[in-house]
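# Examining the three-dimensional arrangement
Each chain, letter by letter, is given below.
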Amino acid sequence: MTEKILLHINGQDVPSSDGAVFSVKNPATGEEPYAVSHATPDDVDAAIQSGQRAFEDGRWRDVPARERARVLNRAAALLTERIDELARLETVQIGRTLREMRAQLRRLPEWLEYFGAVAQTAEDTGPNFGAEHLNVVRRVPIGVIGLITPWNHPLLITMKKLSAALAAGNSVVIKPSELGPVVPVLLAKLLEEAGVPAGVVNVIPGLGRTTGKALSEHPGLAKLDFTGGTETGRVIAANAGHSLIPVTAELGGKAPVLVFEDVDINRAAAGALFAAFIATGQTCVQGARILVDRRIYGDFVEALTKRVSALRLGDPLDLQTQMGPMVSEAQREKTADAVNRARAQGATVLSGGRAPEGQQYERGWFYEPTLVADVGPLQDLWYEEVFGPVTLVVPFDNEADAIQQANDSPFGLAASVWTQEIGRAIRVSKALQCGIVWINDHHRIDPASPWGGFKDSGLGSENGLDAYNACTKKQSLIINTSDSHFDWFASVEDLRYS
Ligand code: NAP
């Protein structure tokens, strides 16, 4: 049976103004469990106006930070109760394994709790303005923040952006990906149940080229917070730039995993596997280039190939499954095309490199976990973000060569360094041109820790104090404390100020 998902504007579930809908497919079965209203530009405008009214009448902005934090904590508690239900919905709409979705969603209440605490502890500052004035710099909320989010972590990415925006007292309009719109709509209702006033959180599902475009071009936004591909980021930032709307952008990546010769090979292979194939490889920080010291290259590749070919592909709702399908047919075709081009350009496929065969895979968009060798800067796969279960493995000669290869990318989002030698771990990390570096780990995230990319991987960051501050602007109050009378034009003979 197909369930209807409506827009959520001003606390109401409403159909789109022209009645249009689009369907969300289950990537594992091809079924169409949801018919989702497709927001028109008029609906986008209505959502922004709803957010503006809520902002201007102060129904959330003027609630004391301590009370806003209480509401966010109540939302965190409600979310905790509903994690299993929401994780299942995420799996049905994007195909990621239920095991992964549960693990990810269990962390999400932390974002609401963290940013609630930040709002309560945020302090105004008082720069030194001289003897006769007191200067108080206040941080004030900015208005309606547009959130445009991708499909690969529908709730996590929405939650990162939304927690900071709401804690600071803003309204939001969320345009989720057309492939993952269901859970963000439910989240808006959960927040209202916890006490966020109607109109503060508005959700307008729709396609990027229509709904997303209209949102990014709307002059009523105070800020646009985007996560998605680098090329979409350029388009969105240019649209917002016309109205001088600031943009935070979390964009693409091609993360290197640097494996030095002193590692325990089996542990490092397990780490590389985790880096490359979580979420069927569809993460921005996917370990997509595994660089290995030549002295252990053969043994490492043997251990990793064995682990890759043993991954259990299948029904993502089955807790025994280790890798689900890809999110869409288009994404699988893009992946297959990248692997086929790599083959044609001389790469060697060590494992995978095709859609699996068998009845259980017939209706879904499955692709085998794929490990590719003999790839270098002359092949497309070296630079291109595939965003699928494909990673490449190459040797390096020494530390300098490892750093040079790792930095040879237009992206600069994340990297991981695997070694037991502390000096080398720090030295190499400092030389890497990327915003996040894990040492002997990968994928770890915390609401307090900045998440953002260098180079073509983004602008600004999520998480931490900077993300909260980016949802505020500074107002400088300058107060005259002197008891002397000042009258600039009273007499030209008073030359004190000349
Ligand atoms: P995408 O195609 O760029 O889409 C991202 C969002 O933008 C979606 O909501 C999309 O809507 C919308 N959109 C597309 N074209 C638009 C336009 N012209 N104007 C306004 N909005 C538009 O990216 P994706 O395929 O969903 O996600 C994969 C990408 O996200 C990868 O490159 C990945 O690295 C990146 N990512 C980055 C991070 C990070 O933290 N840096 C995290 C996750 C993902 P539709 O879905 O309807 O097209």
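Check the entry above for the structure.
As a starting point, this report considers the structure included with it.

Criteria and cut-off values
Residues numbered from 1 in each chain as written. Predicted model: local features only at pLDDT ≥ 70, side-chain atom pairs only at ≥ 80, totals over all residues. Heavy atoms only, no water. Helix = DSSP H or I, 4+ residues; strand = E, 2+ residues; numbered from the N terminus. Contact = heavy atoms within 4.5 Å. Buried < 20%, exposed > 50% of the residue type's maximum accessible area, 1.4 Å probe, protein only. Pairing = 2+ DSSP bridges. Axes fitted to C-alpha atoms, helices over the stretch in contact; angles between N-to-C directions. Salt bridge = Lys/Arg side-chain N within 4 Å of Asp/Glu carboxyl O. Core = buried A, V, L, I, M, F, W, Y, C linked by side-chain atoms within 4.5 Å. Near = heavy atom within 4 Å. Polar contact = N/O pair within 3.5 Å; in protein donor to acceptor, adjacent residues only side chain to side chain. Areas by Shrake-Rupley, 256 points an atom, 1.4 Å probe, with all protein chains shown as cover. Patch = residues over 30% accessible without salt bridge, like charges linked within 9 Å, V, L, I, M, F, W, Y side chains within 5 Å. Expected span 1.5 Å × (residues − 1).

This paragraph deals with the environment of L291. Its place among the elements puts L291 in strand β13 (residues 287-293). Sequence separation of L291 and D401 is 110 residues, and the distance between their C-alpha atoms is 9.8 Å. With residues up to four places along the chain from it excluded, the contact list for L291 reads P256, V257, L258, V259, W382, V394, F396, A402, Q405 and A406.

This part is about unusual backbone geometry. Unusually for a residue other than glycine, N440 sits at a positive phi of about 55 degrees. Its place among the elements puts N440 in the loop between β19 (436-439) and β20 (454-455). Given the relative accessible area of 29%, N440 is considered partly exposed.

Strand order in the open sheet formed by 3 strands is β1-β5-β4, with mixed pairing between adjacent strands. Strands with a single pairing partner mark the edges of an open sheet, and in this sheet they are β1 (3-5) and β4 (21-24). With strand direction ignored, the average angle separating the axes of adjacent strands in the sheet is 30 degrees. In this sheet, strand β5 (residues 34-37) lies alongside β1 in parallel orientation, the contact comprising 3 bridges. Pairing of K4 across the sheet is with A35, part of β5.

The next subject is the pattern of salt bridges. Taken as a whole and assessed by the stated rule, the structure comprises 29 salt bridges. With a shortest N-O distance of 2.8 Å, R59 and D57 are connected by a salt bridge. On the basis of relative accessible area, D57 is assigned to the partly exposed category, the value being 47%. One salt bridge in this structure joins D456 and R234, with 3.3 Å as the shortest N-O distance. Here the residue D456 occupies a position in the loop between β20 and β21 (458-459), and R234 occupies one in helix α9 (residues 230-242), the gap between them amounting to 222 residues. R234 gets classed as partly exposed once you look at its relative accessible area, which sits at 43%. Overlapping salt bridges, with partners in common, bring together E261, D262, D293, R295, E421 and R424 in one network.

In this structure, F115, L162, L191 and V201 are the most contacted members of the largest nonpolar core, which totals 71 residues. Setting aside anything within four residues of it in sequence, one finds L191 in contact with A75, L112, L162, L166, V196 and V201. Within the second largest apolar cluster, 30 residues are counted, among which are L273, V301, A303 and L313.

It is worth spelling out the environment of A268 at this point. Within the secondary structure layout, A268 lies in helix α10 (residues 265-277). In the structure, A268 is positioned 32 residues away from F300 in sequence and 8.2 Å away in space, judged by C-alpha atoms. The residues touching A268, leaving out its near neighbours within four places in the chain, are V259, V263, F300 and W418.

Summarising the element assignment, L459 is placed in strand β21. A C-alpha to C-alpha distance of 8.3 Å links L459 and L251, two positions 208 residues apart in sequence. What L459 contacts, discounting residues up to four positions off in sequence, is V247, T248 and A249.

What follows is about the site of the ligand. The immediate surroundings of the ligand are formed by 30 residues, with T149, E178, G208, T232 and E385 found nearest. Between G228 and the ligand, the recorded distance is 3.3 Å, taken from a backbone N or O atom to an oxygen atom. The separation between a nitrogen atom of the ligand and a polar main-chain atom of L251 is 2.8 Å. When isolated, the ligand has an accessible area of 890 Å², and the protein chains bury 87% of it.

Right, let's talk about the sheet that holds strand β12 (residues 255-259) for a bit. Two orientations exist for strands paired in a sheet by backbone hydrogen bonds: parallel and antiparallel. On the basis of which strands lie adjacent, the open sheet formed by 7 strands has the order β14-β15-β16-β13-β12-β18-β19 and mixed pairing. In this open sheet, the two strands that pair with only one neighbour each are β14 (348-351) and β19. Going across the sheet, the axis of each strand differs from the next one's by a mean of 25 degrees, ignoring polarity. Judged from the 4 bridges that link them, strand β15 (residues 370-373) and strand β16 (residues 390-396) form a sheet pairing that is parallel. Directly across from A373, in β16, lies its bridge partner V393.

Another aspect to go through is the side chain of S50. Inspection of the secondary structure puts S50 in helix α1 (residues 41-56). Among the polar contacts made by the side chain of S50, one reaches the side chain of N202 at a distance of 2.9 Å. Setting aside chain neighbours within four positions, we find S50 in contact with I9, N10, G199 and N202.

So, on to a nonpolar patch on the surface. A surface patch of nonpolar side chains, amounting to about 230 Å² of accessible area, comprises L134, L477 and I479. Here L134 is to be found in strand β6 (residues 133-141).

Along an α-helix, residues three or four positions apart point the same way, because every turn accommodates 3.6 residues. Its 13 residues place the ends of helix α7 (residues 182-194) 19 Å apart at the C-alpha level, agreeing with the 18 Å of an ideal helix rising 1.5 Å per residue. For α7, every residue scored as buried is listed here: V182, V183, P184, V185, L187, A188, L190, L191 and A194. G195, located one to two residues past α7, shows a positive phi value of around 120 degrees.

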